[in-house]
Every structure is written in C-alpha cells, then in structure tokens.
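Examination of the molecular architecture
Listed below are the residues making up each chain.
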Amino acid sequence: MKEFETIVVETDLLILGGGMAACGAAVEAAHWAKKNNVKVTLIDKAAMDRSGAVAMGLSAINQYVGLKDGENTIEDYVGYVRNDLMGVTREDLVANIARHVDSSVHLFEKWGLPIWLDDKGGYVHEGRWQLMINGESYKIIVAEAAKNALGTENIYERVFITHPLMDGDRCVGAVGFSVREEKFYVFKAKAVLASMGGAVGVFKPRSSGEGAGRAWYPPFNSGASAFFTIQAGAEMTCQEVRFIPVRFKDAYGPVGAWFLLFKATATNALGGNYMVERRPELENWQPYGAVKPVPANLRNYLMMLDVMEGKGPIYMQTAEAIQKIAKAETDPKLAKKKLKELEAEAWEDFLDMTISQAILWAATNIQPEESPSEIAAAEPYFIGSHSGASGAWVSGPEDLAPAEYFWGYEQMTTTKGLFAAGDASGASSHKFSSGSHAEGRIAGKAAVRFCVKEDHGGIKYDQGDIAALRELILKPLKIYEENQDKSTQADVNPAYILPKMFMLRMQKLMDEYAGGVTAQFTTSKPNLERALELLALLHEDSANLGAKDLHDLMRCWENVHRSYQAEAHVRAMLFREETRWPGYYFRTDTPKMDNENWHVFVNGSFDRKSNEWTFKKVDIKHIF
C-alpha cells in the first residue's frame, strides 16, 4: 500500500459539497467573510462545474414565488408544500426559503442563465411555481459565480469527505482523502456547513444490467450528508420520507414539462385516466386528497393501483397533447409551424437534463408527436430538496420559528457548529435547485455570524482520534493488498468484500424488505425488522471492505454512507406506525393515515459511542 501524505488545512468556515446549496453558501459566505476577516474553504468530491443534482443540466427552475410582481405570497407557497407532504413540514424553514428564493433566481439571470420570456417580457411559467429555462449550462453558470466569490485557492476539488471531526459535542472540521492522489486531508474549522447532497443507490434501481448507472437522482450522491450529520450526533428528521418520482421508463426522463407545459395526460394500457377513474380513492386520504394540486405521492399511488391490477404499462399521451396544442392554430401553415416548435421543445426538454432519454427515444423509434411513451415509478431516493424531506433537524429564523425550532443560528443542526442546507437539511422540501441555492445563502451567512460571535479559543483536536480515523478510512486498501492472493478471482475472496458486492447486498435487502420496486413499495413491521437484522450483518461486514485503488476506496465509503441512510430510513419507518405517504411507501400492517397520533415529525439521533439509535415524536407547529 502506498504511503499517504497527510495535509492539514485550517480555516474558519468549511463548506462541504459543490452543488447548488454549496454554491449559494459560497457566494453569500464570501460576501460576509470579507467584511469580518473570516476565511471560507470549500471541499467538493467532484468538480463544481458539474457537481450535484443539476450537474447534467435542467429544463426548468421549479421554485419561483414571484413576490415582486404579486403573483403569489409566501403563505401560498407554504400551503402548497404543507399539503404535498401530507401536513408534515417545517413551515418556518419553507417560508424563510420562499422569501429569499426569487433573489437567487434573479442572480442566476444576472449571471447569464437564459430564462424563457413571453411576448410581454415576463417569465414563461411551466406551472404555478416553475420557470422554463435553457439550462444545459445552469450549473456551470452558478458554479462560476461561487468560484469567483471564494477564489480557487480556497477550493479543494476531487476530495471525498468521509467523517466529521468532533470536540466533544461540537463539530470542528472534517477528514477525507483525495480521489486522485495518495493524500489524506484534515480540515480544521470553527464552523462546518454540510451540503453534500442526498442519496441514490440505497435501493435496487429499476434499471439494472446495462442501465444500472441510470437513475433519476445523480448516482454520485451517495448519502454523504446523512452520514456526516448522523456521525456528528445531529438530530435527524423525516428519515422515513423517501421520494419516488414518476419518470419516462428506463432512462428517467422528466415528466414535469409534459404535465404542466404541454398539459398531457397519463393513461393505463386500456386508455383509462387513473386520475379520473380512481378519484374516489382520494377520499381515503383527506384532507390532503381534496387539495389542488393532488399531492405527488397520491398521484403516484393512483397510478400504482392500476399497475397492481394489471392495467399497465402506463403511457404519457405525448402525441395527443402536442396535436391538441398545434390544432389550436386555425391557420394550417401556423399549425404546422407550431407542431415543429413543440416537437423541438419536447426533445430539448431531455437534451437539457436527461440526454439518455433522448437517446432511448431515438433507439426505440419513438416520435412524441406520433406515439405515446411509457412512464413508471422509479426506485426510492433520499432527498430533502425535492418532494422528499429527509435530512438534519435545523434551527429556523428567529422572526419566524416557534421557540422550539430556534436555537441561535439559522440552519444550524442540533450539533453546535454544524450547519446544513440543500438535501442535508430536512422537513423543508420543494426547494429544488433555486431554493437550495437560497437555503445555502441563508446557512452561509449564519455560519459566518457563528464564526464571528462565538468563542473558539478552547477548540481541541485529539490527534489520537485523527490518527484512528486515518487508519479506518484507508483500511480497505490495506485489507485488499494483504489478502488479494488468497483467491484466484479478485471479486471472490474469504478476507474481504468489494464495494460493488456490498452495494448489491444492501440494495437487495432494502428492495425486498423496506418497500422497493419489486415489493411494489410495500413493507410491514416484520419486513422492517428483518431488514434491520440484515443491515446489522452488513455493518459488521463493512469492516472487511477491500479496495484495490483510490476509486474503489471512494466506492467503499460511499456505500458505508448509504448503509447508514438505509438504517435511519428503516428505523424511522418502523417508528411511524401509519401509512402517510402511499405512493412513496405503504405499510400493509398500518394501512391508514392516523392524524390523531402521527401528525408529528419523527426525529432520530445516533450515538456513535454506544452505536444506538433513539427516536421520538416532535410536534408540528403551524405558523400560517
């Protein structure tokens, strides 16, 4: 095993991640840092230009409130988010993001992002809250602003953060390694901001074999935020909430533009519109079944009922939608021109953000103006920024948060000095890319204030702890080197397990026992208890992970991170004894929503010393 160089970096504010929330934090923190002589450093596992959920591009900005033009109010947006999550949301956090998000969008436009404009110069809306953009370079534009604000000398790319550095119950830095060079990094800081994305790959993907790398959410987002905050002892929330998006089948192309902009309908194979035919089922999920728009999980559920009755496949009626819009033009020449424009927009929707879907359409001779295309529910994801809500429990703003939800600094977790934003923060869903950027700005400013106002003179770094973490993190390389000759086949060895095999084991158990695709997203107490038994064995075997190189070492720790997100999810689902989000998961043993007992947050904490989880109910406070 090659010798690793240890590099120690001292800073004031350490930003972990390179996605939209991290970029927002970088821009805002840099501004306030210069005024207060604070040093800000950012670490990204990838490269900021193409890092995070917006990496490949995006065809729409999904959160724009329109406050300056009086299009909506903050209360309107909070109501939308509250209803979509079946009543479980931190209204103070959602409101705080909603009142700042428009300014982030205006910054994007100022930096060069092309936002569609109508004939009157106003933004073109895909839906009430969504703006259409030419977004192939969306992330590059936002990252450029962040890099300019921080300075490249304060940015470390291709460095994978694995663990927090702790001084008692305070987070004072992070450790990790380069995925390109034999270097072990120790970052010491007064405050740490976690924004390393959510998690994909915890469950077996619907696309397997040659399509295993396809996912709706980026496969390189592997639970680092969850693992980091869990290991730091931060209270976690909504870990039972996973998101299952409905997407074009096999390549995960987006459906939003089709539903919202093209006004397309989805039908079963018999031509039935499940949203119409199964409307009576919504009565069983009141009051949320009666709201408009119908919550995303309930829309999913109505579709799944058709699939379980054998009425699949499910089709997006793309041709019908395009022809209907084109025929609205009475002039045949204009109608023909409009048809071509719509066809181009249909393909551009994929080329902006999911190129694989355009390739699949071409490969299977799909022409959207002539034939429908299959859609399906994807595998579960853990994401605090979209229609999911899993993440750390953070402080709200003083002027909005109830007393129980505020402890000094916005976006700070229950672990002193550790802040969270984007997919790392929980119970504040529907922030998407723009809201994550705005939340990052909120967190960045608060973290700088923490650096300035708090006493940091007594911070201690235990060199023994750092040395132990170094040995633990690099251990898979040592295990592989010492044992690779014990078998003639590298992936079958009595002394180690390779990261891919570890991942496949985890995905199989989560899929079968925790409500994955093959279980039709259903689970129960006996299944969840069995999942915990198998996860305990998986954790045990993680001590024998082997890595042949730096890339494998990264894969080892990505999968360890995923395994903790998996356990947090299973335990939280087991604790919440009801079915609140059918369409995301269904508890067959507690099949109904129970507002009397479970209109609460489910919060959990992990004690790394005792290796034990504790869960509790936390009251939902309404501010609107």
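Before any of the text, the structure's been laid out above.
Throughout what follows, the structure given in this document is the object of discussion. (Residues numbered from 1 in each chain as written. Predicted model: local features only at pLDDT ≥ 70, side-chain atom pairs only at ≥ 80, totals over all residues. Heavy atoms only, no water.)

**Observations concerning the overall build of the protein chain**
Within the protein chain, the regular secondary structure consists of 17 helices and 21 strands. Computed over C-alpha atoms, the radius of gyration of the protein chain comes to 24 Å, within 12% of the 25 Å expected from 2.2 N^0.38 for 624 residues, which places it in the range of a compact globule. If one aligns the C-alpha atoms of the protein chain with their principal axes, the spans along those axes are about 75 × 60 × 50 Å. Burial analysis of the protein chain (624 residues in total) assigns 60% to the buried set. Surface exposure of the protein chain reaches about 24,300 Å², of which carbon and sulfur atoms provide 50%. Across the protein chain, the mean location of the 69 positive side-chain charges is 1 Å away from that of the 82 negative side-chain charges. (Helix = DSSP H or I, 4+ residues; strand = E, 2+ residues; numbered from the N terminus. Rg over C-alpha atoms; globule rule 2.2 N^0.38 Å. Buried < 20%, exposed > 50% of the residue type's maximum accessible area, 1.4 Å probe, protein only. Areas by Shrake-Rupley, 256 points an atom, 1.4 Å probe, with all protein chains shown as cover. Lys, Arg positive; Asp, Glu negative; His and termini not counted. Charge placed at Lys NZ, Arg CZ, Asp CG, Glu CD.)

**Here we look at the side chain of glutamate 439**
Relative to the assigned elements, glutamate 439 resides in helix H12 (residues 432-453). Overall, the relative accessible area of 0% leaves glutamate 439 in the buried class. There is a polar contact of 2.8 Å between the side chain of glutamate 439 and the backbone nitrogen of glycine 422. Contacts of glutamate 439, omitting those with residues within four sequence positions, involve Ile97, Gln411, Ala421, Gly422, Ser425, Ser428 and Lys431. (Polar contact = N/O pair within 3.5 Å; in protein donor to acceptor, adjacent residues only side chain to side chain. Contact = heavy atoms within 4.5 Å.)

**Points about the packing of aromatic side chains**
Under the counting rule described, the total for this entry stands at 37 aromatic pairs. Measuring from centroid to centroid gives 5.1 Å for phenylalanine 227 and tyrosine 564, while their planes differ by 80 degrees, and the two rings are edge-to-face. In this pair, phenylalanine 227 sits in helix H5 (residues 224-231) while tyrosine 564 sits in helix H16 (residues 550-575), placing the two residues 337 residues apart along the sequence. Classification of tyrosine 564 as buried rests on a relative accessible area of 15%. On the numbers, 4.5 Å between centres and 40 degrees between planes, the contact of tryptophan 258 with phenylalanine 262 is tilted. (Phe/Tyr/Trp six-rings, centres within 6.5 Å; stacked < 30°, edge-to-face > 60°.)

**A look at the sheet that holds strand E11 (residues 236-237)**
Spatially, the four strands line up as an open sheet ordered E16-E11-E20-E21, and their pairing is antiparallel. Taken across any chain shown, the strands that pair with only one partner, and hence form the sheet edges, are strand E16 (391-392) and strand E21 (612-619). Strand direction decides the pairing type here: E11 and strand E20 (residues 600-607), joined by two bridges, are antiparallel. From the neighbouring strand, methionine 236 faces E20, where its bridge partner is glycine 604. (Pairing = 2+ DSSP bridges.)

**Here we look at the nonpolar core**
Generally speaking, a soluble globular protein has its nonpolar side chains buried in company with each other. Counting residues in hydrophobic clusters, the biggest one holds 143 residues, and the most contacted among them are Leu16, Phe177, Phe228, Trp258, Ile375, Met510 and Phe601. If we ignore the near neighbours within four places in the chain, the residues touching leucine 16 are Ile43, Ile161, Ala174, Val192, Leu193, Ala194, Ser195, Met196 and Phe228. Ranked by size, the runner-up nonpolar core spans 49 residues in total, among them Tyr64, Tyr123, Ala191 and Ala446. (Core = buried A, V, L, I, M, F, W, Y, C linked by side-chain atoms within 4.5 Å.)

**A few points about the environment of lysine 609**
When you line up the elements, lysine 609 lands in the loop between E20 and E21. The class of lysine 609 is exposed, set by a relative accessible area of 78%. Considering only alpha carbons, one finds lysine 609 and glycine 289, 320 residues apart in sequence, at a separation of 44 Å.

**Section: helix H14 (residues 499-513)**
With 15 residues, H14 should reach 21 Å at 1.5 Å per residue; the first-to-last C-alpha distance of 21 Å fits that figure. Of the residues making up H14, those classed as buried are Pro499, Phe502, Met506, Gln507, Leu509, Met510 and Asp511. The inward-facing, buried residues of H14 abut helix H15 (525-541) and H16. Looking one or two residues beyond H14, the residue adopting positive phi is glycine 515, at roughly 85 degrees. (Expected span 1.5 Å × (residues − 1).)

**Points about unusual backbone geometry**
Omega for the bond connecting glutamine 286 with proline 287 falls within 30 degrees of zero, at 5 degrees, which places this linkage in the cis form. Inspection of the secondary structure assignment puts proline 287 in the loop between helix H7 (274-277) and helix H8 (296-308). Here the amide bond leading from lysine 292 into proline 293 is cis, since omega sits at -5 degrees, within 30 degrees of zero. With respect to the secondary-structure elements, proline 293 resides in the loop between H7 and H8. One non-glycine residue, phenylalanine 432, lies in positive phi territory at about 55 degrees. Within the element layout of this structure, phenylalanine 432 appears in helix H12.

**Some remarks on the pattern of salt bridges**
Enumeration according to the criterion identifies 33 salt bridges in this entry. We note a salt bridge from lysine 45 to glutamate 558, for which the minimum N-O separation is 2.7 Å. With lysine 45 in the loop between strand E3 (40-44) and strand E4 (58-61) and glutamate 558 in helix H16, this residue pair connects regions lying 513 residues apart in the sequence. The exposure class assigned to glutamate 558 is buried, which follows from its relative accessible area of 1%. (Salt bridge = Lys/Arg side-chain N within 4 Å of Asp/Glu carboxyl O.)

**Notes on a nonpolar patch on the surface**
A cluster of nonpolar side chains, namely Met56, Leu351, Ile355 and Ile359, defines an oily patch on the protein surface of about 360 Å² accessible area. You can see leucine 351 is positioned in helix H10 (residues 332-351). (Patch = residues over 30% accessible without salt bridge, like charges linked within 9 Å, V, L, I, M, F, W, Y side chains within 5 Å.)

**A few points about the packing of H14 against H16**
How two helices sit against one another is set out by the angle between their axes and by the gap between those axes. At a minimum axis distance of 9 Å, the contact between H14 and H16 shows a crossing angle of 15 degrees. Classified by the angle their axes make, H14 and H16 are roughly parallel. By crossing handedness, the relation of H14 to H16 is classed as left-handed. Contacts between H14 and H16 involve Pro499, Phe502, Met503, Met506 and Met510 from the former and Asp552, Arg555, Cys556, Asn559, Val560, Arg562, Ser563, Ala566, His569 and Val570 from the latter. (Axes fitted to C-alpha atoms, helices over the stretch in contact; angles between N-to-C directions. Parallel < 35°, antiparallel > 145°, perpendicular 65-115°, else oblique. Left-handed = near helix turned anticlockwise from the far one by under 90°.)

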